[in-house]
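If you want the building blocks of each chain, they are given just below.
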Amino acid sequence: MCGIVCYVGSKPAKPILLEGLKQLEYRGYDSSGLAIHDGTHIECHREVGKIAELERKLNNMDIKGSIGIAHTRWATHGEPTEENAHPHRDQDGNVFVIHNGIIENYHSLKKRLEKEGITFRSETDTEVLAHLIGLNFDGSLSEAVRKTMSQVIGTFGIAVIHRQSPGEIVVARRGSPLIIGVSEDGHFAASDVAAMVRYTNKVVHLQDNELATLTVKDFSMSTAQAKPIERSAETVEWRAEDADLNGFPHFMLKEIYEQPETIKNAMRGRLETGEGVPKLGGIMPVWDKLKDSRHMVIVACGTSYYAGCVGRYVFEKLTEIDVEVELASEFRYRKLNFAPNTFVIAISQSGETADTLAAIREAKRKGAGLLGIVNVVGSSISRDTDAGVYNHAGPEIGVASTKIFTSQLTVLNLLAILLGRHQKLSLTEGVEAIRALEALPDQVANVLSQANHIQAIAEKYYKCDNWLYLGRKYNYPIAMEGALKLKEVSYIHAEGYPAGEMKHGPIALINPDMPTVAIAPRDEIYEKMLSNIQEVKSRRGPVIAIATQGDERIREVADDVIEIPQTLSFLNPILAVVPCQLLSYYCASFLNRDIDKPRNLAKSVTVE
Ligand code: AGP
């Protein structure tokens, strides 16, 4: 959730680290700091608030040195104060450490260290790492870090510099992502490619229980047991311009508008229209077992979970597979008992979500096959699954997930059509589904062309404190996702409900100040949705309907209508979510919210 960026090279470290921190700001952002080694001394500065605050503080400071570590923090232990911000140092001010993750035995370690005379300056778990590394240092920083790794329990991605080791940065990982960047004039380490993509696209992924020493010229890697590792660099697809706004006021809006392209990218090279069969090379390693599987469990968190909920209905429609969907945070603690040849599908934008990772590790232990639907290439979930499908949607910077959600839905449809064609779908049905998928990018562009109309609707209702989202079947998860999006970026309270459940409780809330967003495209349960809309109207609740183009009946009951093009009913969610995203965006914008960095949220939730 926090962000790490480090640089050792021939250029001044300060601007590179600040730039890297800005790119990471979306991961977590209540405080930040950096430490730079000038060959003799280490200068460390920390500040509460956004990176801009740290930048202001450092503005007129001439900080020499081309080796440094920097961190943006999302508080777990201790409030967001300057004392709790990273880097943390040891007693003598020799060691400086930045850390993502949680040291679970920090309390007992802290007590022991205090008894040994160490005075703690912060309330963080991280500070124990600094003291331990300081005490373990015997001339070799990597050995001090290695020894410390054996003393701590918990998760970490750490980067360390030592006053007496001026030419190097040591990084280590257990459970929190860390990537090494290789460039012409030095080396980087970061928790996320975004921090270094301006300087290099050559990366090496550090894996759990590994550490690396970075110098200007070289880097070396080894295991926690000191076994050397040789791993060559991979080239990542992300481009520097992916991290730019390109004229949009916010990344969220830019990413909403990228969806015609990202949906296309999820399908690129994967469609054999004539055969009505998608090609998914990434699942071939498990294909023989997968094609005969009749049981699947989708695990995910947040927006990715809602994608999984849509996926369940799609699999039910197109395949003979029984699909359950579980929140990873619950699934990981269940007593699991899988039917033979069950596959667990992890869906994750970041590929690093702690609960989803833990859920698949538990599923593996109990004998399930593992698939991943992941955007970040080389991420932990992509490595820990047996096979999978990448989204290829490029970086998503806005904390609220938008383009990855529609990309996840696209990939789930491809997987369901592929399996369905081997189980029950005819050639005609396969071709029809693929043709409908191919039409989606233009149809999403059509929805986007109504942005002004949607903005006007947002203007009408953004002052309402409570919203209800209703949907049925494929669009019930879209009601939940729509409500989540509104909460996340505008801080308006919203509930997503299956429309059939409204009468069983939430109807009590309906009043003229509570808008209901009713997702009611022309599909098999359209009439039912229409009745639910009538029920809201009878209680004088305003209704914003998301309906199929040309639907005149709905205009007679709803106060406002947003049209989506006609498609197959199981593809409606991909179109219906776009107006929900725009509504949330514009409400947040009218309320002057910090849209790309909503309060308390982090892009990648790497703690439980
Ligand atoms: C989405 O808008 C959220 N920020 C959040 O719910 C997110 O989808 C969730 O944390 C899962 O993340 P993942 O896809 O990276 O696993």
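Residues numbered from 1 in each chain as written. Predicted model: local features only at pLDDT ≥ 70, side-chain atom pairs only at ≥ 80, totals over all residues. Heavy atoms only, no water.

Remarks on the environment of L425
The condition that has to hold: A helix here means a DSSP run of H or I that spans at least four residues, while a strand means a run of E at least two residues long, and both kinds are numbered starting from the N terminus. Note on contacts: a residue pair is in contact if any heavy atoms of the two residues lie within 4.5 Å.
As for its position among the elements, L425 is in the loop between α13 (403-423) and α14 (427-448). Separated by 108 residues in sequence, L425 and K317 have C-alpha atoms that sit 9.8 Å apart. The contact partners of L425, leaving out residues within four places of it in the chain, are L318, I417 and G420.

A word on the domain arrangement of the chain
Definition in use: Each domain's extent was defined by an automatic or database domain assignment. Just to be clear on terms, a salt bridge is a Lys or Arg side-chain nitrogen sitting within 4 Å of an Asp or Glu carboxyl oxygen.
Once the domains are mapped, the chain shows domain 1 (3-241), domain 2 (245-446) and domain 3 (450-608). Inter-centroid distance (C-alpha atoms) of domain 1 to domain 2 is 33 Å. Contacts between the two partners involve 11 residues from domain 1 and, on the opposite side, 15 residues from domain 2. The interface formed by domain 1 and domain 2 includes one salt bridge.

Topic: the sheet that holds strand β5 (residues 88-89)
Note the following rule: Only when DSSP finds a minimum of two bridges between them are two strands counted as paired. Here the axes come from fitting lines to C-alpha atoms, over the contacting stretch only for helices, and the angles between their N-to-C directions go from 0 to 180 degrees.
Pairing is antiparallel in the open sheet, where seven strands are placed in the order β5-β6-β7-β8-β12-β13-β14. Across the chains shown, the open sheet's two edge strands, defined by having one partner strand only, are β5 and β14 (228-229). Where strand β12 (residues 210-214) meets strand β13 (residues 219-223), five bridges bridge the pair, whose relative direction is antiparallel. From the neighbouring strand, L214 faces β13, where its bridge partner is F219. Here helix α4 (residues 126-136) sits on the sheet and contacts β5, β6 (95-100) and β7 (156-162); the angle it forms with β6, its principal contact strand, is near 140°. Lying over the sheet, helix α5 (residues 141-151) contacts β7, β8 (169-174), β12 and β13, oriented at roughly 20° with respect to β8.

Brief notes about the pattern of salt bridges
Formally: For the exposure calls, accessible area comes from a 1.4 Å probe over protein chains only, and a residue counts as buried if that area is under 20% of its type's maximum, exposed if over 50%, partly exposed in between.
Evaluated as defined, the whole model comprises 35 salt bridges. For R231, the salt bridge identified is with E210, shortest N-O distance 2.8 Å. In this pair, R231 sits in the loop between β14 and β15 (234-235) while E210 sits in strand β12, placing the two residues 21 residues apart along the sequence. Owing to a relative accessible area of 6%, E210 belongs among the buried residues under this scheme. In this structure, K254 and E258 form a salt bridge, with 3.5 Å as the shortest nitrogen-oxygen distance. Using a relative accessible area of 3% as the deciding quantity, one classes K254 as buried. Judged by its relative accessible area of 19%, E258 falls in the buried class. The network of salt bridges with common partners includes R173, D208, R361 and D384.

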